[in-house]
Amino acid sequence: MNNLPKLCCMLILILVGPLAQAHIASNGFLTLKVDGAQVSGAMELAIRDGELAVGLDHNSDGKVTWGELRSSQTALQSYVLGHLRLGGDAGQCRVGFSLVQVNERTDGSYLWLPFTADCGVRLERLSIDYRILDAEDPSHRGLLTLTANGTAQTAVLGGASASGGALALRQFELEHPSSWSAFSEYLRAGIGHIWSGIDHLLFLLSLLLPAVLLRRPNRWEAVPVAAPAFVNIVKVVTAFTLAHSITLSLAAFDVLRLPSRLTESVIAASIIVAALNNVFPRVTEGRWRIAFAFGLLHGFGFASVLAEMGLPQGARLVSLVAFNVGVEAGQLAVVLAVMPLAYLLRATAFYRRGVMPWGSSAIACLALVWFVHRAMP
Amino acid sequence: MSERISFAYAAVLLSAAWSSLAQADPYVPSGENAVLAELPAGTRYADVSARRLARARVDVAIPLAQFYIQQSRVSGDLRFLGYAEAVLAPWLEKNPPPPDVLVLQATLQQSRHEFTASLATLERAIAARPNDPQALLTRATVLRVLGRYPQADAACQAFSRVVEPRLGALCTQSLRGLRGDLEGAYSALRQVSPQGWLNAEKSWLYSELGEMAVRLGRDDDAQRWFQRDLTLVPTDFYVRGAYADLLLRQRRPAEALALLNGQERFEPLLLRIAIAQRQLHDPGHTQSRGRLRAAFAEETQRGEAVHRREQARFLLEVEDQAKLSLRVALENWTVQREPDDVLALINAANAAGSSAAAEPALNFVRAQGQYDARASL
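Residues numbered from 1 in each chain as written. Chains lettered and ligands numbered in written order. Predicted model: local features only at pLDDT ≥ 70, side-chain atom pairs only at ≥ 80, totals over all residues.

(A) The arrangement of the overall build of chain A in detail. Of the regular secondary structure elements, chain A holds 11 helices and 14 strands. Counting across all 377 residues of chain A, residues that qualify as buried make up 45%. Sequence separation of at least 24 residues holds for 74% of the intrachain contacts in chain A that already meet a minimum separation of 6. (Helix = DSSP H or I, 4+ residues; strand = E, 2+ residues; numbered from the N terminus. Buried ≥ 20, exposed ≤ 12 C-beta atoms within 10 Å, placed from the backbone. Contact = placed C-beta atoms within 7 Å.)

As structure tokens, then:
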């Protein structure tokens, strides 16, 4: 009886206190991207979880350094090989790792193990057997992001030991979009890009603003009838479209690629040139040539968006055409909305002495800011 | 209109969830000696051997699991609960499991807010060992959180019969404070002399007194109790949070921020930091808000809802999303019914302009005769 209060005290030490727990439990992040029979991806684990799995703190000073992590690389890789299995229709995929890196998240540093997996045949579905930290921390979960053909799905993996192992193996059906759904998806992406990526529109508008005017020495004059304005607009839009379609296709099929910093900077520069040409006119006839020349570079800009989305296997051409049609439709909608207004206003001083010099200057300034941002890292 | 705002906000949360998953900007640290993580006690790979031993010997398993549960209390780190779970798992498969293991398992479930599961486990433990003080106290605590006061009282009475009277009184009086006699319970507990008690037991007493004083509207008293507790147990982040709430309510954000300095890794305290920063127009607010968003998104992705009360407050007091906050507060109310849960619900309902939504909570509070100066109850 004498011992009872003491025992009780020890136990109460555990009990008394908050119901609120502070930290989120252990999460690993598994990112997978499926391309045909190949899966590229990365397994990301908190450094602490890596320590628990294989022991990273070699000198036992309670700290894990980059040197220690790097020298544990092989151990980590074989741990992941043993606790994470990917499988396709031809059985287990063969996994090969690249060098370990580090990623910062809100709750600290994570080790980042990139890998590629060869699954033999084109994947229709992917099975994932996730048992990482299963024995060490049953509350560990793997948060999966699986991307296939431009569609991402997420899932929570792990927790197998709690369910007697039943939950470890999971099957994921991979989306294989029909040609039509790919078409509409890429069509929408094209429209979306032209409207959100305002730089292409500003370039085009800068070239189109003077289309309803004629240049006389030292002043702008309204075109008397609609026909020449219309012809101007069609020429510029067609030249721009033709040019960026050419380079977009070349880039999409990996014939020609330019570094994105270069293209993004030149796109900004092209807006400056087009806008300044309205303030200090140099090229007054045949602006379609500017549209064509710089349009080639804008095409590479579109291509980088497309590269991020990835072109679906088997629907590459359809998707490319769809994206391009989307871009054209988006820009045509803007042209149809703005140019009739410009035509109506063309004779006003507001348009000729306000919009032309000052609107164009504003565009040039904005583009200059972009240029500085893009050209200088 | 506000529906639309909520929808937009849901989109923001989704994209936060997405970016917390997709967040990947891995890098190679600059030097071999760059420290990536410091390992808390009990998280070393070397400890794995102790865990292996715990599989064979229950006299190793129980103190090890206790150690991990305590570490999770002190550090607020949910990973430790996973470690404890791993240690207990093989013993729970025994038929019947050792009662101590059941009690620890129930504590673990309670810490994860799995209240129903915790009660079921406790029932088995108490059936095997009717006078186990830890089991009885855990039962009283869980029932109290659930608002099942008559049953909680019975558990407290049973607890009182097996421990020293002062501890028993602490259990029964704090319950009485929720059942219509706050004033009487407060003065009864003030008579209790904690002489000869362990720090953890004193801390229990002071935190109950502090919370009672808050509900009585005696903020000066409450502040003294909280300070006394924190001097004794600086790691008591539950009381630190309650103290911070008091300061924030009194519009003393600078003092709250000083109190919480260096506690960012505890999400419930980070929430108070974000609120204080907001009151102070502190530029650090954006970062705190981003970290909280990511943390709640990860929790949601895992399908867990340990922090619903905090999430409701976050939505209301940081994100200005009254309607969403109300939804979360209502969900929270179906799970737990402490005075802070009532408060979160009333505040959300009032801000959302639908005070009727708090009616179930108000009925409960009226039926119990519960008084809370903060909600003018």
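Text resumes after the structure shown.
(B) How the structure looks around the interface of chain A and chain B. Counting residues at the interface gives 57 residues for chain A and 66 residues for chain B. Ranked by residue count, the leading element in the side of chain A that touches chain B is helix α1 (residues 4-15) of chain A, at eight residues. Residue composition of the side of chain A that touches chain B, grouped by class: 29 nonpolar, 20 polar and eight charged. Two elements, strand β3 (residues 63-65) of chain A and strand β1 (residues 35-38) of chain B, share three bridges in a ladder whose sense is antiparallel. Residue pairing across strands places Thr 65 of chain A opposite Val 35 of chain B, the latter belonging to β1 of chain B. (Nonpolar A, V, L, I, M, F, W, Y, C, P; charged D, E, K, R; others polar. Pairing = 2+ DSSP bridges.)

(C) Region of the structure containing the packing of helix α8 (residues 260-279) of chain A against helix α11 (residues 349-375) of chain A. Residue and element names in this part refer to chain A. Interhelical geometry of α8 versus α11 gives an angle of 160 degrees and a closest axis separation of 8 Å. What the angle tells us is that α8 and α11 run roughly antiparallel. Judged by the twist between their axes, the crossing of α8 over α11 is left-handed. For the pair formed by α8 and α11, the contact residues are Arg 261, Glu 264, Ser 265, Ala 268, Ala 269, Ile 271, Ile 272, Ala 275, Leu 276, Asn 278 and Val 279 on the first element and Met 356, Pro 357, Ser 360, Ser 361, Ile 363, Ala 364, Ala 367, Leu 368, Trp 370, Phe 371, Arg 374 and Ala 375 on the second. Looking at side-chain class alone, the contact of α8 with α11 contains 16 nonpolar, four polar and three charged residues. (Axes fitted to C-alpha atoms, helices over the stretch in contact; angles between N-to-C directions. Parallel < 35°, antiparallel > 145°, perpendicular 65-115°, else oblique. Left-handed = near helix turned anticlockwise from the far one by under 90°.)

(D) Region of interest: the packing of helix α6 (residues 115-128) of chain B against helix α7 (residues 133-145) of chain B. All names here are of chain B. Put simply, α6 and α7 touch, their axes get as near as 10 Å, and they point 155 degrees apart. Taken as axis vectors, α6 and α7 run roughly antiparallel relative to one another. Seen from above, α6 lies across α7 with left-handed handedness. In contact with Phe 115, Ser 118, Leu 119, Leu 122, Ala 125 and Ile 126 of α6, α7 contributes Ala 135, Thr 138, Arg 139, Val 142 and Val 145. For the contact of α6 with α7, the class distribution of residues is eight nonpolar, two polar and one charged.

(E) Expanded view of the sheet that holds strand β4 (residues 84-88) of chain A. Residues and elements named next belong to chain A. Read from one edge to the other, the open sheet built from four strands follows the order β5-β4-β9-β12, with strand pairing classed as antiparallel. Looking at which strands have only one partner, the edges of the open sheet turn out to be β5 (91-92) and β12 (169-173). Here β4 runs beside strand β9 (residues 125-130); their pairing, made up of four bridges, is antiparallel. Residue pairing for β9: Arg 85 is matched across the bridge by Asp 129.

(F) Geometry of the nonpolar core. If you look at the biggest cluster of nonpolar residues, it comprises 109 residues, and the most contacted ones within it are Ala 65, Ala 84, Val 87, Ala 140, Phe 159, Leu 345 and Ala 348 of chain B. When near neighbours in sequence (up to four residues on either side) are disregarded, Ala 348 of chain B contacts Ala 312, Leu 316, Ala 322, Ser 325, Leu 326 and Ala 329 of chain B. One finds Ile 267, Ala 268, Phe 292 and Val 327 of chain A within the second-largest nonpolar core, a separate group that totals 55 residues. (Core = buried A, V, L, I, M, F, W, Y, C linked by C-beta atoms within 7 Å.)

(G) Representation of the confidence of the model for chain B. When pLDDT is averaged across chain B, the result is 89; 93% of the residues are at 70 or more. Interface confidence in the predicted complex, given as ipTM, is 0.76; pTM for the same model is 0.66. (pLDDT = per-residue confidence, 0-100.)

(H) Quick peek at helix α11 (residues 199-216) of chain B. Residue and element names in this part refer to chain B. Across its 18 residues, α11 extends 25 Å between first and last C-alpha, which sits within 8% of the 26 Å expected from 1.5 Å per residue. In terms of residue burial, α11 counts as a mostly covered element, since 15 of its 18 residues are buried. Of the residues flanking the end of α11, it is Gly 217, one or two places downstream, whose phi is positive at about 85 degrees. (Expected span 1.5 Å × (residues − 1).)

(I) Molecular detail of the environment of Arg 144 of chain B. Residue and element names in this part refer to chain B. If you trace the backbone, Arg 144 turns up in helix α7. Expressed as a C-alpha distance, the spacing of Arg 144 and Arg 337, which sit 193 residues apart in the sequence, is 8.1 Å. With residues near it in sequence (within four places) discarded, Arg 144 still touches Tyr 149, Ala 152 and Leu 175.

(J) Structural context of the environment of Asn 347 of chain B. Examined against the element boundaries, Asn 347 of chain B turns out to sit in helix α19 (residues 339-351). Along the primary structure Asn 347 of chain B and Ala 375 of chain B are separated by 28 residues, whereas in three dimensions their C-alpha atoms are 8.3 Å apart.

(K) Quick peek at the pairing of strand β8 (residues 108-118) of chain A. Residues and elements named next belong to chain A. In terms of strand pairing, strand β2 (residues 38-46) meets β8 through nine bridges, oriented antiparallel. Along β8, the bridge assignment pairs Ala 46 with Tyr 110. Two elements, strand β6 (residues 94-97) and β8, share four bridges in a ladder whose sense is antiparallel. Within β8, the position partnered with Arg 94 by the bridge is Asp 118.

(L) View of the confidence of the model for chain A. This prediction gives chain A a mean pLDDT of 82; 87% of its residues lie at or above 70. A low-confidence stretch, residues 1-22 of chain A stays under pLDDT 50, and its non-local contacts, those more than four residues away or across chains, total 44 contacts.

(M) Structural context of unusual backbone geometry. That bond from Asn 95 of chain B to Pro 96 of chain B is cis: its omega, -5 degrees, falls within 30 degrees of zero. Mapping Pro 96 of chain B onto the fold places it in the loop between α4 (79-92) and α5 (99-111). Unlike most non-glycine residues, Ser 60 of chain A shows phi in positive territory, near 55 degrees. If you trace the backbone, Ser 60 of chain A turns up in the loop between α2 (47-54) and β3. The exposure class of Ser 60 of chain A is exposed, given the 11 C-beta atoms found within 10 Å. Despite not being glycine, Leu 133 of chain A has its phi angle at roughly 60 degrees, a positive value. According to the C-beta neighbour criterion, Leu 133 of chain A is buried, with 27 such atoms within 10 Å.

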